[in-house]
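Spelled out, the chains give:
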Amino acid sequence: MLQFQTIIFNSVMAKTPLFLLCILTLLASNSIQSYSQQDEFFFAGFSEATTNITLNGGAVIEHKGTLRLTNDTERVIGHAFYSTPINFKNKSKVFSFSTSFAFAIIPQYPKLGGHGFAFTVSPTNKPSNGYPSQYLGLLNPKDLGNFSNHLFAVEFDTVQDFEFNDINDNHVGINLNNMVSNKSVKACFFTDGSTSKQIQDLNLKSGSVIQAWIDYDSSMNHLEVRLSPSSSKPTSPILSYQVDLTPIFKETMYVGFSSSTGLLSSSHYILGWSFKINGESKTLSLNNLPSLSSQSNQSTHTRKATILGLSISFVILIVITIGLSLYFKMKNDDVIKSWELEVGPHRFPYKELNQATGGFKDKNLIGFGGFGRVYKGVLVSPNSKTEIAVKQISHESKQGLQEFISEIETIGKLRHRNLVELLGWCRKSNDLILVYDFMKNGSLDKYIFEQPREVLKWEERFRIVKGVALGLVYLHEECEQTVIHRDVKAGNVLLDSEMNARLGDFGLAKLYDRGENPNTTRVVGTLGYMAPELTRTGKPTRSSDVFAFGAVLLEVVCGRRPIEAKALPEELVLVDWVWDRWRLGMVGEVVDGKMGGVYDEGEVLLVVKVGLMCSDEAPERRPTMRQVVGYLEREVELPELDGFGVKKRDFLYSTSLGFGSVNTWSSVGDDVDGGYVSSFTLSGGR
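Residue numbers restart at each chain and count upward from 1, following the sequence in its written direction. In view of the model being predicted, local features appear only for residues whose pLDDT reaches at least 70, and side-chain atom pairs are presented and counted only at 80 or more, with totals across whole chains, interfaces and linings using the full set of residues. In computing side-chain properties, one takes all heavy atoms of the structure into account and sets aside hydrogens as well as water.

### Brief notes about the side chain of Lys64
- Each helix corresponds to a stretch of at least 4 residues labelled H or I by DSSP, and each strand to a stretch of at least 2 residues labelled E; elements are numbered beginning at the N terminus. Mapped onto the secondary structure, Lys64 falls in the loop between strand 4 (60–61) and strand 5 (67–70).
- Polar contacts here mean pairs of N or O atoms no more than 3.5 Å apart (in protein, one a potential hydrogen donor and the other a potential acceptor; neighbouring residues in sequence count only if both atoms are side-chain atoms). Separated by 2.7 Å, the side chain of Lys64 and the backbone oxygen of Leu292 make a polar contact.

### Thoughts on unusual backbone geometry
- Residues other than glycine seldom take positive phi values, yet Leu136 does so here, at roughly 55°.
- Mapped onto the secondary structure, Leu136 falls in the loop between strand 9 (117–122) and strand 10 (152–157).
- Relative accessibility thresholds used throughout: buried, under 20% of the residue-type maximum; exposed, over 50%; partly exposed, between the two (1.4 Å probe, protein chains only). According to the relative accessible area criterion, Leu136 is buried, its value standing at 0%.

### Remarks on the side chain of Glu533
- Note that Glu533 resides in the loop between strand 28 (501–503) and helix 8 (534–537).
- Of the residues examined, Glu533 reaches a relative accessible area of 6% and is grouped as buried.
- Once residues within four sequence positions are removed from consideration, Glu533 is found in contact with Gly538, Ser544, Glu617, Pro619 and Arg622. The contact rule is simple, with two residues in contact once any of their heavy atoms fall within 4.5 Å.

### Thoughts on the nonpolar core
- What we call a nonpolar core is a set of buried Ala, Val, Leu, Ile, Met, Phe, Trp, Tyr and Cys residues that are connected through their side-chain atoms within 4.5 Å. If you look at the biggest cluster of nonpolar residues, it comprises 78 residues, and the most contacted ones within it are Phe549, Val578 and Val610.
- When residues no more than four places from it in sequence are discounted, the contact partners of Val610 are Leu553, Val628, Tyr631, Leu632 and Leu638.

### What to know about the confidence of the model for the chain
- Averaged over all residues, the pLDDT of the chain is 78; the fraction at 70 or higher stands at 73%.
- Confidence drops under pLDDT 50 across residues 328–336; counting only partners more than four residues distant or on other chains, this segment forms 12 contacts. The score called pLDDT rates the predictor's confidence residue by residue, from a low of 0 to a high of 100.

### Brief notes about helix 11 (residues 601–614)
- Helix length check: helix 11 (14 residues) gives 20 Å between terminal C-alpha atoms against 20 Å at 1.5 Å per residue, within 8%.
- Contacts made by the buried residues of helix 11 are with helix 7 (458–478), helix 9 (542–558), helix 10 (574–583) and helix 12 (625–632).
- Where helix 11 starts, the residue carrying a side-chain oxygen 3.0 Å from the main-chain nitrogen of Gly602 turns out to be Asp600. Working rule for helices: expected span equals 1.5 Å times residues minus one.

See below:
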C-alpha cells in the first residue's frame, strides 16, 4: 500500500463514513505502489496517471504497469527519465546514491538477440543526439569521449560490438562519456550460501526478470553493481570500480533509462524502480511487480484457473509432439552435424529463408555473380517485418563446408557502424546461405557512375569515403584477427537508410578453392582495384586493400570507374589520368561534372591526393588505413607526392596473368548491388 495513502487513511479513519473508508481501501489495494520526493522515489510498477516519468521515442507505459523502453520496431530509441531533476552534488563534491530496478529483455529473435539498454544519469531528460543500435540512444560517433557529455551510464548489453571493445554479447559495463566501457564483466550473480559464495551466469536476453543494484559511495569514490534473478540483494558485487564522479556530474542531473534497437530488435522492460540520494534504495519484491504476461483477471476463480492450466498443458503437449515430428522430418531432410550446433552466429532454418525470399524466386533476385546469387527477403515476426539480403552459394566440397563454418564464426563477430552485418547462415544439403543486413539505398556505384538514380552531393560523398575508411581501419587493426577484405570497390560500398556507408561483401571465395596451400591464394578481386603486386605474389595484404580504397576515392571524385573502356586512350586508366592532371595543376578537370560545380575545392584536393597516395605502385609507400583516416579528418598533415610511384599500366593482359578467375559482379534490380560475397582472408595460416 502506498505510504501517502496509508497516512490519508489513518488521518480520516475516525471521521469518515464506513462506505468511504471501503472505497479508499479498495483504491489503495488496486493501485500501483509508488512514492517520490526530491531525493528518493519508489515505483513498484508504473502508471501514466501517477508516475513522474518523462517518456521519449518508443518508450511507453503499458496498461499492466510495465515500462517498455522499446518494441520490435527497427532502429528505434526509447528514453524514460524521472521527470524531476535530482540534486547530485554541492559545489565541490558529488553525493552518494543508490538505485535498484527490475528489468527484462525479450529479443525479437531469441537466437539472434538485439542491443541492450543502460541506466543513465544525464544532464537532460530528453536526449536528442543519440544514435540507435550499438549507441543505445545515448551518444553518436562525434560525441564519443567528449567531456562535455556529462554522461554516466551502466550498460546491460546483449551484442558484442568490437568497435567498442565489448568483452562478449552478455555483459554489464560502466560508461563515462563514452560507449566504450571503462570496466565491464560478464552478466552473472553471486549466491550467498551458508559456507561459501558461488558465481552463477545470467542470460540478460532470456526474457526472465532480473533485478539490478547500483551503489555509489562518494566518500570512497567506489561504484558497485549487483545482479540477481531474485528479490534478495547479493552481498558481493559482480562489478566494482574506483571512480570520482565529481567531474562527470553537474549539480542537478536526470536519472533514467535509455535503449535502442538495430536491424534486429528487442523489447526492453522496466517493471519497478527505486532510487535514493545519500542512502540505500529499497529492494524491490519481484513477486509484487507487474507481470510481463497479459494482465490477469483477479476475479477468476481457482477452478477456472486450474482448468485453464490443464488446457494449456494439453496444448503444449500437442505442440511439442508436432514440433518433434517436424524436427525429425527436417533433420532427415537436412542432417545437422554436431559441430554445426555449436558455431555462431545464428543458424537459420532453411524453411524460414525459403519463405522469406518467396522460394528464392527470380522476382526477388537483386544480384548475382561468380559465387552465388543474392535475394531480398523479409523475416516476419508477430509484431514486425525485417528486410534481409540472402546470399545463396552452391558448393560440393565437404572440406569447403567446414572452412565455411570456421569463417562465418569469425565474420559473424564483426560489429562496426560502417560494415554490413552478417546476421546468420544456413546449410541445406550442399547449398550454403548467408544472411546480411538489407541496405535500402543500394550500392555506391549506382549513385556515381553513368546515369545514377540520384546525384550525390559532395558532402555526402565525402562522408561516405570517410565511413569506408573507418570500416577498413576496424578490419585491419581493431577486430580480433586482421581481416583483409580483398574486394574493396564502389559496388561493395552499400548505403543504409540514412545514406551512411557500409562496407559489405566479406566474401568467402577462397573457401571454395580446393587443393590449394592455406597460406597462399590465387588472384581474386575486381579489375581496376587490384594492387599490382597481387599479380606477382597472389597474397593479399592490408596494403592491397589500401590500393583498392584509393581507386574508390578517385571514383567518388571523378564519377567514373577505374578502367573506362569508352574513354579516350589517355583517360583509359583513371589513376593515370588523375595523376597527369595533378602534375599539370588541372585537378578541376577530373571532378565529376554531375555535381554541377558545387563542391568544396579543399576537400576535393585532399581526397584526390590521398587517393593518389593509396594508388602508389610500391606497397611500402602507401599509407595505412589509420593514416588515411587521419588525413581525411585533417588530423595529420599530408606529405608531398614527390616520390609518388604511379606508372602507365596496361590492364588488358588478363589472360596471361590468370584474370579469367577474377570475381566480377553483375547486378539486377534497383535495390542493392549483387556483390554480397566475394573474397575474405584472416591473418595467419589456416
